[in-house]
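One-letter residues, chain by chain:
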Amino acid sequence: MSAYNPKSLVADEFINDEEILESLKYADAHKDDFELIDSILEKARPKKNGNGCTCSGLSHREASVLLACTDPERIKKMFAIAEEIKQAFYGNRIVLFAPLYLSNYCVNGCLYCPYHAKNKHIPRKKLTQEEIRAEVIALQDMGHKRLAIEAGEDPVNNPIEYILDSIKTIYSIQHKNGAIRRVNVNIAATTVENYRKLHEAGIGTYILFQETYNRKGYEELHPTGPKHDYAYHTEAMDRAMEGGIDDVGLGVLFGLEGYRYEFAGLLMHAEHLEAVHGVGPHTISVPRVKHADDINPEVFDNSIPDEIFEKIIACIRIAVPYTGMIISTREGEKVREAALKLGISQISGGSRTSVGGYTEEERPHDTEQFDVSDQRPLNEVIRWLMENDHIPSFCTACYREGRTGDRFMSLCKSGQILNCCHPNALMTLAEYLTDYADEKTKKIGFDLIERELKNIPKDKVRQIALENIRAIKNSDRRDFRF
């Protein structure tokens, strides 16, 4: 086994099995070392720095000690610090998005996904550009401004040209007051040349889940197809950044392998991106294995209960304080409510995980990638967020103003990003309330906006935001953003 080297571009060196096992062994040896744990937690706590806060974050080994700790008092302290970090860097804003499934054609044999090539009874479907247009209009009519497009890996049915044409179609659609302002892309690992094409197409974040960082387990779970190549898949983010994409999103599918191994590997990947490219992951997602056509999650013996899942979220937030965290509609309302306090900054809402699902009156199940646990419509999700003191945000200003990659991270790490994000969130919420919300949601929302305007520290920014919100309520459609 090659030696651990976070600056290496070789997968087995920056995600090093020996180092992960040593870290887990170290964590087991120190999980009851309360003096060490308290010092790690103190290191992680956000520190005031003039106009904002800074956080040191934690190494994968330090964070593994926290995850291994079972002392109730220390876990309570972890959760409190995770919430403190979340408030310091992201405030009470929650960004909304929706997945858009373009095609479920796939040549891979992934054992946890219903799109696997051997599943002969699932209907295969690929959206035409006209069908994509109809799906996007349906999403715009909900109020969505940010999408994550998804497609199986199939070089014949889903070539890069199809993905690029689809992105162009999505960005071209102006329907009533609706427009998709950011298209994130979740497709299979590809070449530097193709990543360059995606960058030139104006994508937001490139998202690719590792599924599992355990090489042996990875190869067993991906027995056939191009995804079987562990190194090519794991090294994809380096190729994406070489191709000009500076916002990338990581994630594992919790439940496939031991969660502590995955946790350490995930943080090592974040450390690698920081060491090589000077900027860590823009987002980290935390999906769990769920039931789907031809997939029984009970087959996998590494499932994790809710209390461990919440602990994982808190420890990720503490370890990588500047990274956005995503939870999808795989999880139900109760789990999502707890996760929001512990570090989650983005959620999907009103999601359908089937190809062409948004234009169907009834939720189609035969082409779903996974069962959706939170099936509430977007308006209900927005109201629920506000009733729990969160600010729903549809903001995409950083992307459109060029605040991506290291430019975004420098603002975030200095604690200054709130000066942009807070007023922008309120203005995009005002847009949503004016254009899409029912009367009850609208009343709750504008009361929230009125309260939150008082929390904007700079008088000039507050006044501009107030004027823009008044203009939005009067249906002035100018593009406001800080």
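I will try to describe carefully the structure that is included in this document. Keep in mind that this is a model prediction, so the values were computed, not measured.

This paragraph deals with the pattern of salt bridges. Under the counting rule described, the total for this entry stands at 23 salt bridges. Here Glu 431 ties to Arg 181 by a salt bridge, and the two come within 3.0 Å at their closest N and O atoms. With Glu 431 in helix α18 (residues 418-435) and Arg 181 in the loop between β6 (178-179) and β7 (182-186), the pair connects residues that are 250 residues apart, well separated along the chain. The shortest N-O distance in the salt bridge between Arg 383 and Asp 438 comes to 2.7 Å. One end of the pair, Arg 383, is in helix α15 (residues 378-387); the other, Asp 438, is in the loop between α18 and α19 (439-453), and 55 residues separate them in sequence. Classification of Arg 383 as buried rests on a relative accessible area of 16%. On the basis of relative accessible area, Asp 438 is assigned to the partly exposed category, the value being 31%. Among the ionic contacts, a cluster of salt bridges with common partners joins Asp 38, Asp 71, Arg 74 and Lys 77.

So, about the packing of helix α14 (residues 333-342) against α15. Taken N-terminus to C-terminus, the directions of α14 and α15 make an angle of 45°; their axes are 12 Å apart at the nearest point. The angle between the axes of α14 and α15 places the two elements in the oblique class. As α14 packs across α15, the resulting crossing turns out to be right-handed. Counting all contacts with α14, which are made through Glu 333, Arg 336, Glu 337 and Leu 340, the residues of α15 involved are Val 381, Trp 384 and Leu 385. Residues that form the contact of α14 with α15 fall into these classes: 4 nonpolar, no polar and 3 charged.

This part is about unusual backbone geometry. In this structure, Glu 211 takes a positive phi of about 70° despite not being glycine. Assignment of secondary structure puts Glu 211 in the loop between β8 (206-207) and α9 (215-221).

Spanning 15 residues, α19 covers 21 Å between terminal C-alpha atoms, matching the ideal 21 Å at 1.5 Å per step. What α19 keeps buried is the set Thr 441, Gly 445, Phe 446, Leu 448, Ile 449, Glu 452 and Leu 453. Along the long axis of α19, the arc covered by the buried residues comes to 160°, so they all point the same way. Across from the buried face of α19, at angles greater than 90 degrees, the exposed residues are Glu 439, Lys 440, Lys 443 and Glu 450.

This paragraph deals with the packing of helix α3 (residues 34-44) against helix α4 (residues 60-68). In contact at an axis separation of 10 Å, α3 and α4 are set at 120° when each is read in the N-to-C sense. Judged by the inter-axis angle, α3 sits oblique to α4. Of the two possible hands of crossing, α3 and α4 adopt the one that is left-handed. Between α3 and α4, the residues in contact are Leu 36, Ile 37, Ile 40, Leu 41 and Lys 43 and Glu 62, Val 65 and Leu 66, respectively. Along the lines of polarity and charge, the residues of the contact of α3 with α4 split into 6 nonpolar, no polar and 2 charged.

Further remarks concern empty space enclosed by the protein. Taken as a whole and assessed by the stated rule, the structure comprises 6 cavities of 30 Å³ or more. Roughly 760 Å³ of volume is contained in the largest cavity. Taken together, 44 residues make up the lining of the largest cavity; nearest its centre are Tyr 101, Glu 150, Asn 186, Phe 209 and Gln 369. The set of elements that each furnish at least two residues to the lining of the largest cavity consists of β3 (93-103), β4 (146-151) and β11 (324-327). Top contributing element to the lining of the largest cavity by residue count: β3, with 4 residues. Lining the second largest cavity we find 22 residues, and of these Val 95, Arg 146, His 282, Phe 408 and Cys 421 sit closest to its centre. Of all the elements in the fold, those that place two or more residues in the lining of the second largest cavity are α5 (72-90), β3 and α16 (397-400). When residues in the lining of the second largest cavity are grouped by element, the largest group, 3 residues, is from α16. Tallied by class, residues from the lining of the second largest cavity come to 10 nonpolar, 7 polar and 5 charged.

About the cut-offs
- Residues numbered from 1 in each chain as written.
- Predicted model: local features only at pLDDT ≥ 70, side-chain atom pairs only at ≥ 80, totals over all residues.
- Heavy atoms only, no water.
- Salt bridge = Lys/Arg side-chain N within 4 Å of Asp/Glu carboxyl O.
- Helix = DSSP H or I, 4+ residues; strand = E, 2+ residues; numbered from the N terminus.
- Buried < 20%, exposed > 50% of the residue type's maximum accessible area, 1.4 Å probe, protein only.
- Axes fitted to C-alpha atoms, helices over the stretch in contact; angles between N-to-C directions.
- Parallel < 35°, antiparallel > 145°, perpendicular 65-115°, else oblique.
- Left-handed = near helix turned anticlockwise from the far one by under 90°.
- Contact = heavy atoms within 4.5 Å.
- Nonpolar A, V, L, I, M, F, W, Y, C, P; charged D, E, K, R; others polar.
- Expected span 1.5 Å × (residues − 1).
- Arc of directions from axis to C-beta.
- 1 Å grid on protein atoms, 1.4 Å probe; cavity = no way out; pocket = protein on both sides within 12 Å on 5 of 7 lines; lining within 4 Å.
- Points joined across faces, edges and corners; volume = space filled by probe spheres on them.

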